[in-house]
Amino acid sequence: MKFIVIGIAALVLLSGLVIYEKVFNAKHREIFEEPTEFTISADDLQFYFADNQEIATKKYMDKVIETFGSVTEVGDNTLVLEDKIQVYFLSDLKQEITVGDKLSIKGRCVGFDELLITVKMDQATTIKTN
Amino acid sequence: MKSNKILFTATLMLISVYAFNLNAQNKYVDKAGYLKFEASEKLFEPVEAINKSVTAVLNADTGQFASLALVVGFRFKNSLMEEHFNENYIESETYPKAIFNGTLIDFDLSNLTNNPTEVMVDGKLELHGKEKEVKTLVSLQKLNGAIVMKGGFTVTPSDFDIEIPSIVKNKIAKEVIVSLNFNLKP
């Protein structure tokens with residue numbers, strides 16, 4: 001009887017700890033491992049945001065998106081597709097990417113930047129170079 | 001549809017050329033600027049977030065300065081805190097941006113050297129559908145052809161009508177310290 005009580009108490013404590021860990025110390029999203037919700041060209045994605053920010057924000061913001069186009073600018077941990085999508089990577093780019101490369105990237109859409117007239121994507125990974 | 005799109009893009013480009021004076025060669029831009037805010041209280045879990053995808057644009061002829069941060073781009077150490085920040089406090093789906101528009105007072109590009117000098121910035125910060133005047137000193141220096149801007153300022157959640165529920169009130173500081181670091185390239 002005593003063992004059962006101790007057993008149950010231990011189980012309750014353990015599950016409490018697990019729930020605490022899961023809720024309060026939950027890991028960040030792993031964008032690369034999440035399924036892609038939208039696949040859309042760099043041109044079209046920027047067009048939708050420039051056309052109607054409110055609707056595009058509701059539809060695309062914080063969503064996992066695959067987009068593609070030619071590289072028009074390269075920085076340390078960022079690059080630009082078609083002068084329209086600014087892409088940020090969590091770390092510096094490992095593979096060599098040069099202006100003119102055709103590229104598909106997967107990342108999280110963070111919204112529209114009207115100073116640069118670009119859509120921003122962060123936590124990106126390159127998925128293929130054509 | 002296609003011709004509509006071309007027309008639209010052309011109009012947009014035209015507007016942007018006028019609005020931000022893209023013709024001017026003296027525009028300095030950072031497309032991956034750094035912004036951090038902190039509202040930590042002693043003894044409690046740190047409340048801080050960093051955004052490394054901030055845009056900053058300085059017109060070196062006029063001293064006009066603008067900066068834009070997309071609020072979902074703020075990253076917290078604790079992902080639950082990040083979720084609450086976006087959903088309950090800042091309401092990023094309705095108000096996705098923080099925008100600063102202002103002027104560097106008495107800015108003169110030719111005065112900048114390798115040594116940091118302090119310059120006053122005066123402008124308006126728009127966030128959560130509200131506007132607030134921000135006046136602060138920033139340090140400016142010229143490094144390898146770029147203008148490096150560093151500084152910070154303080155705001156309060158109530159400045160922007162952001163309500164902090166009473167159960168977490170003592171865990172979040174009344175004053176939010178914002179720090180910035182921009183590397184503006186010609």
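Residues numbered from 1 in each chain as written. Chains lettered and ligands numbered in written order. Predicted model: local features only at pLDDT ≥ 70, side-chain atom pairs only at ≥ 80, totals over all residues. Heavy atoms only, no water.

(A) Structural detail: helix α3 (residues 53-60) of chain A. Residue and element names in this part refer to chain A. All of the buried residues in α3 are A56, T57 and Y60. Considered in projection along α3, the buried side chains sweep an arc of 105° and stay on one side of the axis. Turned more than 90 degrees away from the buried face of α3 sit E54 and I55, all of them exposed. For α3, the secondary structure elements touched by its buried residues are β1 (38-41), α2 (42-51), β2 (64-74) and β5 (102-113). The opening residue of α3 is N52, an N-cap whose side-chain oxygen sits 3.2 Å from the backbone nitrogen of E54. Positive backbone phi, at 70°, marks D62, one or two positions downstream of α3. (Buried < 20%, exposed > 50% of the residue type's maximum accessible area, 1.4 Å probe, protein only. Helix = DSSP H or I, 4+ residues; strand = E, 2+ residues; numbered from the N terminus. Arc of directions from axis to C-beta. Contact = heavy atoms within 4.5 Å. Polar contact = N/O pair within 3.5 Å; in protein donor to acceptor, adjacent residues only side chain to side chain.)

(B) How the structure looks around the pattern of salt bridges. This model, assessed by the stated rule, comprises twelve salt bridges over all chains. Two residues, A:E73 and B:K31, come together in a salt bridge whose shortest N-O distance is 2.7 Å. Of this pair, A:E73 sits in strand β2 while B:K31 sits in strand β1 (residues 27-40), on two different chains. A single salt-bridge network, built from bridges that share partners, covers A:R29, A:E34, A:D62, A:R108 and A:D122. (Salt bridge = Lys/Arg side-chain N within 4 Å of Asp/Glu carboxyl O.)

Shape is all these values report; function is a separate question.
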